[in-house]
Amino acid sequence: MFNKMLISYMTIIVILVLAVGSSYLMIVSHDIKSELARSSQGEISGMMKHAESLIENIEQLSLQISLKPGVNEALTNPFPYTILQYGLLKNQLKDEVNSNNLLYSVYLYFRLNNRILTTNEGLYALDQFFDKQIVTTNFQESSSKGYQVRSLQDTSPSEPVELLTFHRLVPLTAKEPLGELILNVKRQAFFDALFRYANVDSSKMMIMDSDSYVVLSESNARSRGFTTALRSMNDGHSLPGSSGMVKIEGEDETYFLSYARSDTNPWLVAERIPYSVYQLAWKSKMHAAVQVAAVILLISIALACLYSIRFTRPWKNMVRDYVDQQADYPGNMVKKDESQLVAEAIRELVSENRYIKQTLEQSKPIIRFRLIYDILTNRVFETSVMANRLQHLGIVFPHAYYAAFIVRADMQLLEDQEDYNEIRLLLFSTIENELRKRLFAVGTILENHQFGFILNVPVSTYMTQLKLELDACCQAVNRIGLEEFGITVQIAFGGIYSAMNGLNKSYHEAKRALHNTAWTYQTDCVFFEDSVDARKWSYPLAIQKELLRRLKAVDRESAKLSLDELFDRYMVGKSYSRDDVQDTITLMMGAIVQELYEDGYSLDKVHLRFQSVSECQHIGQVKELFYGYISDIMNLLEQFQDNKMSNTYISKAIAYMQTDYDRIESIADIADHVGVSSSYLSRMFRAETGKAPLDYLTRLRIDKSKELLFEGNCKYSLQEICGQIGYHDVQSFIRFFKKWEKITPGEYRKLRLDKGGVI
């Protein structure tokens, strides 16, 4: 009976505690949601202001560029501009791009001569420009202001570039726009600046316009699902009012969507609040409620135990009951006392802890790879955090200076193999082990056949001895790559910095140096500081003139020697800026093509895509690209020379007919004089002049007869005239004259005399 009363009492207490706790948690849940909504709306409001401010700054930059004197002058009269002048204008625009990390490129479209100048590629005719749609579409629509979210994809195999493109019609001082200024802003850089400026989490925010088109959003799978859900709700008018927060049940996750509409722009800014944030706050409140409930229950249990103390069974009785239970299982008849039970539980805990520790040890390499990747890509900002996390993985840097370097492996041909990932991991391990024999370096696996490393050195600059050591290390890695895998690698080093938070800058410098490896040999060790040398050097005008002379002579071997000299003196040397070298080669080829145009050669069928030069990974590929271009030019020049020979024959035939028209009997006479067959002369003459040779001869004779009809007060008779122009009888002369002039020679003479000698 007492036990039944105890159970009833405990049941009533539990029910009361659960009822009160449920009501409390419902109130807490509402308060948490309200707090999340207020916090999110504050972030969204700040996001709107910062986004509008950032876009306004870009518009001001476009205005500043459009008002440059050189831009207005070129737009107003682009025709006298030479290739070098276009190059200078390009450098002005490129300075703006280099000084602003947000800009990817700038286009300047000249409406008068239908050309477009780009900071990354150079000068194009509009119909040959790979990105011409972005120019023609917006200019025709007269969109003087605005932006577009797009991916830039040309015919090269590189991945598309995500951009925000801004447009402005220029110049502002003209009544009619003479061109268009287009600013291509790097979309990722725009995001990074915006989110850092607004101090919000980029993975949770997005901006959508009134047409449900995404203006700003990250491109990962979770954000795409978030975007799809938001677009669907916006199109279905499921987001009422100017702001609010709704709960969304997704396929993979549940989250709250907080949104607000801008008062100044057709934007809807939304933030995804993971449901886990709500759960964490709710669990915290629930934990406090459980603690209170537990205290109440404990007090209740203590009071209940006072009534049931006499019913408590001794400890040994519990052990006996346990042993009796064990006896129910066959083969388990060994009795155990309390100490054995405790020892068995401890052994189970130790075994479980050993398994957890082993799992953590196996995960260390993966954790290390990810940490190095985060440090290089600036996902870990605080130096102390970097050092602590590295120390937990057993990595302690012994020196005071740090640099980042990138190893790029030539693995394109292995991508389709089933064991590609295994080869990549093995190659990375081999490279890292070889590097550690000479350097203190730790690395990670990057994308696009690349590996990233942190280099720790005791010096602050790349002195000669350090460069020699690094170059020797590069050669050793290449030797192993070729022997073990048949793969060559290139290594590019960023600058050296005195703190770990400079590693991200060094990493981007290494990427820029790697981007310029088209001007180095396949196994070179490249340093960023070599690519930014401002040393002056002269333009290779002598080589340009010699190359042009050999091109006109269609001397293929000599032209190849000129190109070899150009590469050896101006491309391979590391004392020159690679960007300046590329600009010089671009200007040289443009000047050669311009002079050939002026000499009457049409080279419309020859195209050199200068943007493809930056895609070359070593000097051999660059040479092959230019050799092919020069070969195409000489093939066309050979065709032009053949055509000029044909023009020589035609000119010789016309001169002969103009001087000896009275003695020519047939087309055979003309062909014999020129030195070709009659059929070949007829075909060539008709193709060039549009008429037969005899028709041309007849026209000459008729024109001459018209002069003789009135010479010396009409002193010549028709018989005399027909003999002087090469006809044997008067009837032939009259017949041909009437055919060409529609009247007879006599009628022509009379008509002209009646009108005073003028017809």
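Within every chain, residues take consecutive numbers counted from 1 along the sequence as written. Per-residue local features are limited, in this predicted model, to residues with pLDDT of at least 70; the limit for side-chain atom pairs, both in listing and counting, is 80 or more; totals at the level of whole chains, interfaces and linings are taken over all residues. In computing side-chain values, all of the structure's heavy atoms are included and hydrogens and water are not.

Things to note about the overall build of the chain
Secondary structure assignment for the chain yields 23 helices and 16 strands. Type-normalised accessible area, obtained with a 1.4 Å probe on protein chains alone, sets the label of each residue: buried when under 20%, exposed when over 50%, and partly exposed for intermediate values. Looking at the chain as a whole, 42% of its 759 residues qualify as buried. Contacts: residue pairs with any heavy atoms within 4.5 Å of one another. Counted over contacts in the chain with a minimum sequence separation of 6, partners at least 24 positions apart contribute 64%. The Shrake-Rupley method, run with a 1.4 Å probe sphere, supplies the accessible areas, and residue values consider only the shown protein chains as cover. Split by element, the accessible area of the chain, about 41,700 Å² in all, is 54% carbon and sulfur. Helix and strand definitions here come from DSSP, where helices need a minimum of 4 consecutive H or I residues and strands a minimum of 2 consecutive E residues; each element is numbered from the N-terminal end.

Some words on a nonpolar patch on the surface
A cluster of nonpolar side chains, Leu63, Leu67 and Leu172, forms an exposed patch at the surface whose accessible area comes to about 240 Å². Secondary-structure assignment places leucine 172 in the loop between strand S5 (161-170) and strand S6 (179-186). Residue classification places leucine 172 among the partly exposed residues on the basis of a relative accessible area of 43%. Think of a patch as exposed residues, more than 30% relative accessible area, with no salt bridge, where like charges cluster within 9 Å and nonpolar side chains (Val, Leu, Ile, Met, Phe, Trp, Tyr) cluster within 5 Å. A carboxyl oxygen of Asp or Glu within 4 Å of a side-chain nitrogen of Lys or Arg is what we treat as a salt bridge.

Points about the packing of helix H18 (residues 667-674) against helix H19 (residues 678-689)
With their axes 9 Å apart at the nearest point, H18 and H19 run at an angle of 90 degrees to one another. With respect to H19, the element H18 is oriented roughly perpendicular. Here Ile667, Ala668, Ile670 and Ala671 of H18 lie close against H19, whose contacting residues are Ser678, Leu681 and Ser682. Classification convention: Asp, Glu, Lys, Arg as charged; Ala, Val, Leu, Ile, Met, Phe, Trp, Tyr, Cys, Pro as nonpolar; all other residues, Gly among them, as polar. Its residues placed into classes, the contact of H18 with H19 shows five nonpolar, two polar and no charged. Note on geometry: axes are lines fitted to C-alpha atoms, helical ones only across the stretch in contact, with angles between N-to-C directions running from 0 to 180 degrees. We call two directions roughly parallel when the angle between them is under 35 degrees, roughly antiparallel when it is over 145, roughly perpendicular when it lies between 65 and 115, and oblique otherwise.

Overview of the pattern of salt bridges
Pairing is possible between side chains of opposite charge, provided their charged atoms come close. Here the structure, examined in full by the defined rule, presents 14 salt bridges. The closest approach of N and O atoms between glutamate 162 and arginine 187, which form a salt bridge, is 3.5 Å. Of this pair, glutamate 162 sits in strand S5 while arginine 187 is found in helix H5 (residues 187-198), placing the two residues 25 residues apart along the sequence. Note that glutamate 707 and lysine 704 form a salt bridge whose closest N and O atoms lie 3.6 Å from each other.

Focus on the state of the cysteines
The term disulfide refers to a covalent linkage connecting the sulfur atoms of a pair of cysteines. Whenever a pair of cysteine sulfur atoms sits within 2.5 Å, that pair is classed as a disulfide. Under the defined criterion, the tally for this structure stands at zero disulfides. Here cysteine 473 stays free of any disulfide, with the sulfur of cysteine 474 as its closest cysteine sulfur at 7.7 Å. Taking the relative accessible area as the measure of exposure, cysteine 473 reaches 1% and is therefore buried. Judged by relative accessible area, which is 0%, cysteine 474 ranks as buried.

What to know about the packing of aromatic side chains
Ring geometry is summarised as follows: Phe, Tyr and Trp rings, the Trp one being its six-membered ring, pair when their centres sit within 6.5 Å, and such pairs are stacked at plane angles under 30 degrees, edge-to-face over 60 and tilted between the two. According to the stated counting rule, one finds 20 aromatic pairs in the structure shown. Judged by centre distance (5.6 Å) and plane angle (70 degrees), the ring pair of phenylalanine 397 and phenylalanine 440 falls under edge-to-face. Here phenylalanine 440 lies in strand S13 (residues 440-445) and phenylalanine 397 lies in the loop between helix H10 (383-392) and strand S12 (401-409), a separation of 43 residues in the sequence. Since its relative accessible area comes to 13%, phenylalanine 397 is described here as buried. Summarising the aromatic geometry, the rings of phenylalanine 737 and tyrosine 748 are spaced 5.7 Å apart at their centres and angled 65 degrees between planes, so their arrangement reads as edge-to-face. Taken as a pair, phenylalanine 737 in helix H22 (residues 730-741) and tyrosine 748 in helix H23 (residues 745-754) lie far apart in primary sequence, eleven residues in all. Each residue in the set Phe405, Phe428, Phe451, Phe453, Tyr462, Phe493 and Phe527 is aromatic and connected to the rest through ring pairs, giving one cluster. Between the NZ or CZ atom of lysine 467 and the centre of the ring of phenylalanine 527, over which it lies, the distance is 5.0 Å. Only lysine NZ and arginine CZ atoms are considered, and such an atom sits over a ring when it is within 6 Å of the ring centre and within 35 degrees of the ring normal. The aromatic ring of phenylalanine 736 is capped on one face by arginine 735, whose charged end is 5.2 Å from the ring centroid.

As for the sheet that holds S13
In short, DSSP must find at least two bridges between two strands for them to pair. Strand order across the open sheet formed by five strands is S13-S14-S12-S15-S16, with mixed pairing between neighbours. Both edges of this open sheet fall to S13 and strand S16 (525-527), since each of them pairs with a single strand only. Averaged over all adjacent pairs, the angle separating strand axes in this sheet is 25 degrees, with direction ignored. Helix-sheet contacts for helix H11 (residues 420-436) involve S12, S13, strand S14 (450-457) and strand S15 (489-497), and the interaxial angle to S13 is about 170 degrees.

Read these as geometric descriptors, not functional statements.
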